[in-house]
2 protein chains.
Amino acid sequence: MFIAFDLQKEHSIYGENVTQRIIDPQGKRGMVLRAARKLFVEKGYYAVSIPAIVKASGVSTGAIYSYFSNKEDLARQLYEETLDHFQDLFFARVPQDSNTYGKLRAVAELSFAIAENEPETMRYMLTIRHDEFISDSVPICYSEPFRWIQQIVADGIAKGELKAGDYFLSAVSFTGVIIRAVELRLSGVIKDSLLDVSDELINNAWATIRV
Amino acid sequence: MFIAFDLQKEHSIYGENVTQRIIDPQGKRGMVLRAARKLFVEKGYYAVSIPAIVKASGVSTGAIYSYFSNKEDLARQLYEETLDHFQDLFFARVPQDSNTYGKLRAVAELSFAIAENEPETMRYMLTIRHDEFISDSVPICYSEPFRWIQQIVADGIAKGELKAGDYFLSAVSFTGVIIRAVELRLSGVIKDSLLDVSDELINNAWATIRV
DNA sequence: GTCTATAGCCCGATAGAC
DNA sequence: GTCTATCGGGCTATAGAC
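Predicted, not measured: the structure shown is a model, and the values here were computed from it.

Engineer: Please clarify how the overall build of chain A should be interpreted in this entry.
Structural biologist: The number of helices and strands found in chain A is 12 helices and zero strands. Mapped in sequence order, the helices and strands of chain A form the string α-α-α-α-α-α-α-α-α-α-α-α. Burial statistics for chain A: of 211 residues in total, 55% are counted as buried. The long-range share in chain A, meaning contacts at least 24 apart out of those at least 6 apart in sequence, stands at 69%. Entry remark: accessible area of chain A is about 9300 Å², with carbon and sulfur atoms responsible for 50%.

Engineer: What am I meant to see in the protein's contact with DNA strand C here?
Structural biologist: Close to DNA strand C lie 13 residues, the nearest being Ser60(A), Tyr67(A), Ile50(B), Tyr65(B) and Lys71(B). Protein-adjacent atoms of DNA strand C, using a 4 Å cutoff, are sugar or phosphate at a proportion of 68%. Contact between DNA strand C and Ile50(B): a phosphate oxygen at 2.5 Å from a main-chain N or O atom of the residue. Lys71(B) places a main-chain nitrogen or oxygen 2.8 Å from a phosphate oxygen of DNA strand C.

Engineer: Got a minute to help me understand the side chain of Thr175(A) in this structure?
Structural biologist: As for its placement among the helices and strands, Thr175(A) is situated in helix H11 (residues 167-186). Within polar-contact distance, the side chain of Thr175(A) engages the backbone oxygen of Ala171(A) at 2.7 Å. Among residues more than four places away in sequence, those in contact with Thr175(A) are Phe146(A), Ile149(A), Arg180(A) and Arg180(B).

Engineer: Sorry if this is basic, but what is going on with the relation of the copies chain B and chain A here?
Structural biologist: The relation between the two copies of this chain is a rotation about an axis and a shift parallel to it. Laying chain B over chain A is done by rotating through 180° and shifting 0.1 Å along the axis; what remains is an RMSD of 0.0 Å. Here the two chains are linked by the operation of a two-fold rotation axis. The rotation axis passes nearest to the C-alpha of Gly176(B) in chain B, at a distance of 2.3 Å. When the interface residues of chain B are mapped onto chain A, 100% of them are again interface residues, pointing to one common binding face.

Engineer: I tried to follow the protein's contact with DNA strand D on my own but got confused; where do I start?
Structural biologist: For DNA strand D, the set of nearby residues contains 13 residues, the closest of which are Ile50(A), Tyr65(A), Lys71(A), Ser60(B) and Tyr67(B). Here, DNA strand D places atoms within 4 Å of the protein, and 63% of those atoms are sugar or phosphate. Contact between DNA strand D and Tyr65(A): a phosphate oxygen at 3.0 Å from a side-chain N or O atom of the residue. Between DNA strand D and the protein, one listed contact pairs a phosphate oxygen with a side-chain N or O atom of Tyr67(B) at 3.1 Å.

Engineer: Would you explain the packing of helix H7 (residues 100-117) of chain A against helix H10 (residues 144-158) of chain A in this entry?
Structural biologist: Packed helices, taken two at a time, are described by the angle their axes make and the gap between the axes. All names here are of chain A. Orientation of H7 relative to H10, taken along the N-to-C sense of each, is 160°, at an axis distance of 10 Å. Regarding the angle of H7 to H10, the classification is roughly antiparallel. Along this stretch, H7 crosses H10, giving a crossing that reads as left-handed. Taking contact as the criterion, the partners of Thr 100, Lys 103, Leu 104 and Val 107 in H7 are, on H10, Ile 149, Ile 152, Val 153 and Gly 156.

Engineer: In this structure, what is going on with the interface of chain B and chain A? I would like to understand it.
Structural biologist: Many analyses report the size of an interface as the accessible area lost when the parts associate. The partner chain A presents 37 residues to the 37 residues of chain B that form the contact. Note on chain B versus chain A: buried area summed over both sides is about 3100 Å², and carbon and sulfur give 61% of it. Taken together, chain B and chain A are joined by zero salt bridges. Joining chain B to chain A, the criterion identifies six residue pairs in polar contact (both at pLDDT 80 or more). Taken together, the elements giving at least two residues each to the side of chain B that touches chain A come down to helix H4 (28-43), helix H10 (130-133), helix H12 (167-186) and helix H13 (198-207) of chain B. Among the elements that line the side of chain B that touches chain A, the one with the most residues is H12(B), at 13 residues. In the side of chain B that touches chain A, the residues fall into 18 nonpolar, nine polar and 10 charged.

Engineer: Could you clarify how one ought to interpret the pattern of salt bridges in this entry?
Structural biologist: Once their charged atoms are close, side chains differing in charge can pair, the charge on each being opposite to the other. Residue and element names in this part refer to chain A. All told, the structure shown has 18 salt bridges over all chains when counted by the stated rule. Two residues, Glu 72 and Arg 76, come together in a salt bridge whose shortest N-O distance is 3.6 Å. Highlighted residues: Glu 72 and Arg 76, both in helix H6 (residues 71-93), separated by four residues, approximately one helical turn. Judged by relative accessible area, Glu 72 falls into the partly exposed class, the value being 40%. What makes Arg 76 partly exposed here is its relative accessible area of 26%.

Engineer: Looking at this structure, how should I read helix H3 (residues 28-43) of chain A?
Structural biologist: One full turn of an α-helix is made of 3.6 residues, so residues set three or four places apart face in the same direction. All names here are of chain A. Given a rise of 1.5 Å per residue, 16 residues ought to cover 22 Å, and the 22 Å separating the end C-alpha atoms of H3 matches this to within 8%. If you check which residues of H3 are buried, you get Gly 30, Val 32, Leu 33, Ala 35, Ala 36, Arg 37, Leu 39, Phe 40 and Val 41. Among the residues trailing H3, Gly 44 stands out with phi positive, at a value near 90°.

Engineer: Please clarify how helix H4 (residues 50-57) of chain A should be interpreted in this entry.
Structural biologist: Residue and element names in this part refer to chain A. Ile 50, Ile 53 and Ser 57 are the residues of H4 that are buried. Considered in projection along H4, the buried side chains sweep an arc of 55° and stay on one side of the axis. Exposed residues pointing more than 90 degrees away from the buried face of H4 are listed as Pro 51 and Lys 55. Phi for Gly 58, located one or two positions after H4, is positive at around 75°.

Engineer: What is the right way to read the environment of Gly188(B) from this model?
Structural biologist: Looking at the element boundaries, Gly188(B) is found in the loop between H12 and H13. Taking the C-alpha atoms as reference points, Gly188(B) and Ala36(B), 152 residues apart in sequence, are found 21 Å from one another.

Rules behind the numbers
Every residue gets a number counted from 1 within its own chain, in the order that chain's sequence is written. Labels are handed out in written order, letters beginning with A for the chains and numbers beginning with 1 for the ligands. The model is predicted, so local features are restricted to residues of pLDDT at least 70 and side-chain atom pairs to those at 80 or more, both for listing and for counting; the totals for chains, interfaces and linings are taken over all residues. Calculation of side-chain values draws on the structure's entire complement of heavy atoms; hydrogens and water are dropped beforehand. Starting at the N terminus, helices and strands are each numbered in turn, a helix being any DSSP run of H or I of at least four residues and a strand any DSSP run of E of at least two. Exposure categories follow from relative accessible area, calculated using a 1.4 Å probe and restricted to protein chains: below 20% of the type maximum is buried, above 50% is exposed, and the middle band is partly exposed. Pairs of residues are marked as contacts when any of their non-hydrogen atoms sit within 4.5 Å. Areas reported as accessible are Shrake-Rupley estimates using a 1.4 Å probe. Residue values count occlusion only from the protein chains shown. We call a residue near a molecule or strand whenever a single non-hydrogen atom of that residue lies within 4 Å of it. Pairs of N or O atoms are called polar contacts if they sit within 3.5 Å, as long as, within protein, a hydrogen donor faces a hydrogen acceptor (for residues adjacent in sequence, only side-chain-to-side-chain pairs). Residues below a pLDDT of 70 in either copy are left out; the C-alpha atoms of the rest, at least 70 in both, set the least-squares superposition of the copies. Angles run from 0 to 180 degrees between N-to-C directions of axes, and those axes are lines fitted to C-alpha atoms, restricted for helices to the stretch in contact. Comment on the angle field: the value is read as roughly parallel under 35 degrees, roughly antiparallel over 145, roughly perpendicular from 65 to 115, and oblique elsewhere. Should the near helix be turned anticlockwise from the far one by less than a right angle, the crossing is left-handed, and should it be turned clockwise, the crossing is right-handed. Put simply, buried area is how much 1.4 Å-probe accessible surface two parts lose in total, over both of them, once they are put together. In what follows, salt bridge is the name for a side-chain nitrogen of Lys or Arg lying within 4 Å of a carboxyl oxygen of Asp or Glu. Side-chain classes follow a simple rule in which Ala, Val, Leu, Ile, Met, Phe, Trp, Tyr, Cys and Pro form the nonpolar group, Asp, Glu, Lys and Arg form the charged group, and the remainder, Gly included, forms the polar group. Take the number of residues in a helix, subtract one, and multiply by 1.5 Å to get its expected span. Think of the arc as the fan of directions from the helix axis to the C-beta atoms.

The following block contains the structure:
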């Protein structure tokens, strides 16, 4: 809850060291990146032409090619900045000193809050096909935050706060509930705000791993 | 388990009324569809050119355009036949007379079995972006089978076999565990066969909704 | 720095031989 | 029915005016 509140007043979630990475909606470069992100999510990288980005962003071809050396470079900068931003939100907000339940609850609440308050960021995170243009083939959402969740779960099992079992499968199960809910919310299948059903979803996710 | 076994000997899963819909690997049309499916999953519809399909399938441009009126028509036939096949597997194999646990367990085992035995089918089901070329905007995996699972869950709650709560969120939670596991298996993140960890995953998924 | 205009390329689709 | 060769179109990226 408190997380959702913070996210709504945009300033407080972006710490000093994070600000520079934000895709600035004011500048032309940011307008291009935002328009491109929306279009890439909607249609996919290859289906989005530079003329389409020109039209959607209001920035001309020439200006775009002054900020980015080519279309792939644009996509790569978008990828890196969105991923960095996403990871900053995670590392900045999930309490290090809490117990296993507190940490995982925070992970889930933050995921829901980002989905509700920055849907384009979350949509991009879940949608983007890594293999479309990025050379390393690690899907975006299996990277840092996901591995971090694995660590929380592994620690929780070791401390006896979670049921014994394969920590990897437990992490998959917990995040499966959360991610599936986010996906269905972003695609409009779930009508209610995730913030309103957060408790029930977190209960369900927690049930997969609790003792 | 028995499901996995059946799937391995390909004949038994394809009933009489299903056979005609199968993408025949022998005929040229089937070779085109199989090659296209693989390429579409790997790179996305727009990134795959007709020349690329010619090369991958060994069928010439002229022959392709004798089977399909254009590239979109090819994609649409592929979509419909793969979806039909997938749904046939579901409706043919999940027991109608079982209790809630038995039905959902069968759904999960069948999902794992398809992922292991027909990875290209499952990959396509999870990967394809509906909005890339299909006019109606319903994501492929939210359609019939998913709605059917919702019904099973709703019935289970009504009969007191599942915990009370929002049936939709319960269905999301159960399928979230299953789908996430399948996704991570298909992308190579999970190394073990899902058939070997089926029991643990089904336990986790079931825990989200049981009384 | 930012614009418009356009070069050069590859794609989808077709034509015509066989 | 199936092949190769090719056309028109839209794309990425650049050139040149301002």
